[in-house]
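Residue-level structure breakdown
Single-letter residue listing:
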Amino acid sequence: SIPLSFFGGIGGTSRFGILVKGSRYLEALSNSDTFVFDKTGTLTKGSFSVTEIHPVGMSESELLAFAAHAEAYSTHPIAVSLRAAYQQPVHTGDLTDISEYAGHGVTALYLGRRIAVGNSGFMQELGVDAGDMNSAGSVIHVAVDGMYAGWIVIADTVKPTAVRAIAELKKRGIRRVVMLTGDSPPAAASIARELGIDEYYAGLLPQDKISVMERILANQRAGSSAAFVGDGINDAPVLTRADIGIAMGSLGSDAAIEAADIVLMDDDPLKIISAIDISRRTMHIVV
Ligand code: ADP
Ligand code: MG
């Protein structure tokens, strides 16, 4: 169901793995002065590794087993890393009542126990008392039958070319570079510092990302465009709102491809720099 017929080889972009849905998006890109990035999977690898396990009233392996089972069906990078850390097959036969709450976490019934896995805001909503850990990694809390069962720290790393991509944007006169994330403020601060991004918003729910994007669009200078770059997981509404929605390395996600104006076939942030350069050259030739 990939609408490949939408994409033209505009300005020869398809040779570079850059698919553009119409020449007006290439023109908008050539006039862009603002880039808004989703953090996880876009600027970071999105393949986290578990770095700390802190069980409360159970063993580390029990805590990990509860977390991995509750996350059995989630495609979120956090779920993938919890399952990888568990290193054992999950028994989906023992699982029922699975729900996923975008930007929050998951709940499931596993071996008759009510499991919740997610961030501190999610625990708060469930009425579970979880401390506010101040970690540069993402802190994921686990509750079992409404009782706090501990926390797991998972650390994401920036993509090797992301630092250069941000620097190259600034070199090209992009005046505003913003990072959005549902992750915690300390985790966001550490990634932003590493990338040289001064403006970031953390702890955002999917609908908050839309309102931040709308605020940015309302403050755009006349004649200049604002782009949003995301990996597609929960990003489709923001991709749609932005002047230019850029989906990255997300040929797996039909929703993102439909919502995006430009699709980058791989997940290298430097592809954005190539796209800008091509757009500026192309528009220069056309005008
Ligand atoms: P980002 O904005 O960094 O792309 P998301 O909006 O997908 O991240 O998620 C924001 C936060 O919500 C995560 O950092 C995590 O705390 C929590 N979360 C989302 N999905 C899950 C999940 N499946 N399991 C545990 N926590 C989750
Ligand atoms: Mg995301």
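Residues numbered from 1 in each chain as written. Chains lettered and ligands numbered in written order. Predicted model: local features only at pLDDT ≥ 70, side-chain atom pairs only at ≥ 80, totals over all residues.

**Digging into the sheet that holds strand β2 (residues 32–38)**
Formally: In this scheme, strands are said to pair when DSSP sees at least two bridges between them. Secondary structure elements are taken from DSSP: a helix is a run of H or I of four residues or more, a strand is a run of E of two residues or more, and numbering for both begins at the N terminus. Convention adopted: a line fitted to C-alpha atoms gives each axis, helices being fitted over their contacting stretch, and angles between N-to-C directions are expressed from 0 to 180 degrees. Note that contacts rest on C-beta atoms placed from the backbone: two residues are in contact if these are within 7 Å.
Strand order in this open sheet of seven strands is β1-β13-β12-β11-β2-β9-β10, and the pairing throughout is mixed. Looking along the sheet, the strands with just one partner apiece sit at the ends: β1 (18–20) and β10 (199–201). Across the sheet, the mean angle from the axis of one strand to that of its neighbour is 20°, orientation sign disregarded. Here five bridges tie β2 to strand β9 (residues 176–180), and the two strands are oriented parallel to one another. Each bridged residue has a counterpart across the sheet, and for D38 the counterpart in β9 is L180. Against the sheet, helix α1 (residues 23–30) touches β1, β2, β11 (225–230), β12 (244–248) and β13 (262–264), its axis set at about 95° to β12.

**Examining the pairing of β12**
Here is the rule: Think of it as a crowd count around each C-beta: if 20 or more other C-beta atoms lie within 10 Å the residue is buried, if 12 or fewer it is exposed, and in between it is partly exposed, with C-beta placed from the backbone throughout.
Where burial is concerned, most of β12 is hidden: five out of the five residues are buried. Because side chains alternate across β12, one face comprises the buried residues I244, I246 and M248, and the other comprises G245 and A247, equally buried. Bridge count between β11 and β12: four bridges; the pairing is parallel. Bridging from a neighbouring strand, V229 pairs with I246 of β12. As defined by bridge partners, β12 adjoins β13 across three bridges and the pair is classed as parallel. Among the inter-strand pairings, A247 is bridged to a residue of β13, identified as V263.

**Quick word on the domain arrangement of the chain**
Note the cut-off: All domain edges in this entry derive from an automatic or database-based domain assignment. Residue classes follow a fixed rule: Ala, Val, Leu, Ile, Met, Phe, Trp, Tyr, Cys and Pro count as nonpolar, while Asp, Glu, Lys and Arg count as charged, and any other residue, Gly among them, counts as polar.
Parsing the chain into structural domains produces domain 1 (4–45 + 158–286) and domain 2 (49–155). The C-alpha centroid of domain 2 is placed 31 Å from the C-alpha centroid of domain 1. In this assembly, twelve residues from domain 1 lie in contact with eleven residues from domain 2. Taken together, the elements giving at least two residues each to the side of domain 1 that touches domain 2 come down to α2 (39–43) and α7 (185–195). If one sorts the elements of the side of domain 1 that touches domain 2 by residue count, α7 sits on top with three residues. Grouping the amino acids of the side of domain 1 that touches domain 2 by side-chain chemistry returns five nonpolar, six polar and one charged.

**As for α7**
Applied cut-off: When we speak of the arc, we mean the arc of directions from the helix axis to the C-beta atoms.
Restricting attention to buried positions, one finds in α7 the residues A187, A188, I191, A192 and L195. With its buried residues spanning 125° around the axis, α7 presents them on a single face. Contact partners of the buried residues in α7: α2, β7 (138–144), α6 (162–171), β9 and β10. Within two residues after α7, G196 carries a phi angle of roughly 75°, on the positive side.

**Some remarks on helix α4 (residues 77–86)**
Of the residues making up α4, those classed as buried are P77, I78, A79, S81 and L82. For α4, the elements touching its buried residues are α2, β3 (49–55), α3 (60–70), β7 and β8 (147–155). Looking one or two places after α4, you find Q87, whose phi comes out positive at around 60°.

**Observations concerning the site of ligand 1**
What counts here: A molecule or strand has a residue near it when that residue's C-beta atom, placed from backbone coordinates, lies within 6 Å of it.
The local shell around ligand 1 holds 23 residues, among which T40, H76, G105, N119 and G182 are the closest. Of the residues belonging to the shell around ligand 1, the class tally is six nonpolar, twelve polar and five charged. Structurally, the shell around ligand 1 is a two-domain feature, drawing no fewer than three residues from each of domain 1 (4–45 + 158–286) and domain 2 (49–155).

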